[in-house]
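# Examination of the molecular architecture
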Amino acid sequence: MDNRIRELRTERSMTQLQLAEMADVSSRTIISLEKGQYNPSVLLAHKLAVIFHCPIEEVFIFSEEDLL
């Protein structure tokens, strides 16, 4: 699963640490998410969508393979 976390974060001039604090996770989690090394829980995906004021589908790009 790909994501736009880095793009959305930088558009808002946020650091990884600021985003981590807002989402109540470690900065390491944000780094791993941005690198595509970690798939978030539904709760974390929802938190990030709320923080970025957009639907989950605009933060995370799902492929057919992800959904199977």
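This is a predicted model, so every value here is computed, not measured.

### A closer look at the side chain of Ser32
- As for its position among the elements, Ser32 is in helix H3 (residues 27-34).
- The residues touching Ser32, leaving out its near neighbours within four places in the chain, are Gln37 and Tyr38.

### Considering the pattern of salt bridges
- A full pass over the atoms with the stated rule returns four salt bridges.
- Two residues, Arg4 and Glu7, come together in a salt bridge whose shortest N-O distance is 3.0 Å.
- Judged by relative accessible area, Arg4 falls into the partly exposed class, the value being 24%.
- Under the relative-accessibility criterion, Glu7 is labelled partly exposed at 38%.
- A salt bridge links Arg12 to Glu11, with the shortest nitrogen-to-oxygen separation between them at 3.6 Å.
- We classify Glu11 as exposed; its relative accessible area is 52%.

### Let's talk about the nonpolar core
- Judged by nonpolar contacts, the single largest core of 17 residues is most densely connected at Ile5, Leu19, Leu48, Phe52 and Val59.
- If you list the elements that add at least two residues to this core, you get helix H1 (5-11), helix H2 (16-23), H3 and helix H4 (42-52).
- Here the element with the most residues in this core is H4; it accounts for six residues.
- Filtering out sequence-adjacent residues up to four positions away, Phe52 remains in contact with Ile5, Leu8, Arg9, Arg12, Met14, Leu19 and Val59.

### Details of the environment of Ile61
- Locating Ile61 in the fold gives a position in strand S2 (residues 60-61).
- Note on Ile61: relative accessible area 38%, which makes it partly exposed.
- Distance from Ile61 to Asp2, taken between C-alpha atoms, is 5.1 Å for residues 59 residues apart in sequence.

### Notes on the packing of H2 against H4
- Where H2 contacts H4, the two axes come as close as 10 Å, and the packing angle between them is 115°. In this structure, the crossing between H2 and H4 has a hand that is right-handed. Two secondary-structure elements touch here, H2 through Leu19, Met22 and Ala23 and H4 through Leu44, Lys47, Leu48, Ile51 and Phe52.
- In terms of residue class, the contact of H2 with H4 is built from seven nonpolar, no polar and one charged.

Conventions we followed
Here, residues in each chain are numbered from 1, in the same order as that chain's written sequence. With the structure being a predicted model, the display of local features is reserved for residues of pLDDT at least 70 and the display and counting of side-chain atom pairs for 80 or more, all residues being used for whole-chain, interface and lining totals. The side-chain numbers reported here are obtained from all heavy atoms of the structure, hydrogens and water having been left aside. Numbering of helices and strands runs from the N terminus, with a helix taken as a DSSP run of H or I at least four residues long and a strand as a DSSP run of E at least two residues long. Contacts are assigned to residue pairs that have any heavy atoms within 4.5 Å of one another. A pair is scored as a salt bridge if a Lys or Arg side-chain nitrogen falls within 4 Å of a carboxyl oxygen belonging to Asp or Glu. Residue burial is assigned from relative accessible area. The probe radius is 1.4 Å, only protein chains are included, and a residue is buried under 20% of its type maximum, exposed over 50%, and partly exposed in between. Think of a nonpolar core as a cluster: buried Ala, Val, Leu, Ile, Met, Phe, Trp, Tyr and Cys residues, connected wherever their side-chain atoms sit within 4.5 Å. To obtain each axis, a line is fitted to C-alpha atoms, and for helices this fit is confined to the stretch in contact; angles are then taken between N-to-C directions over 0 to 180 degrees. Each helix crossing is assigned a hand: it is left-handed if the near helix lies turned anticlockwise from the far helix by less than a right angle, otherwise right-handed if that turn is clockwise. In this count, Pro and Cys sit with the nonpolar residues alongside Ala, Val, Leu, Ile, Met, Phe, Trp and Tyr, while Asp, Glu, Lys and Arg are called charged and the others, Gly among them, polar.

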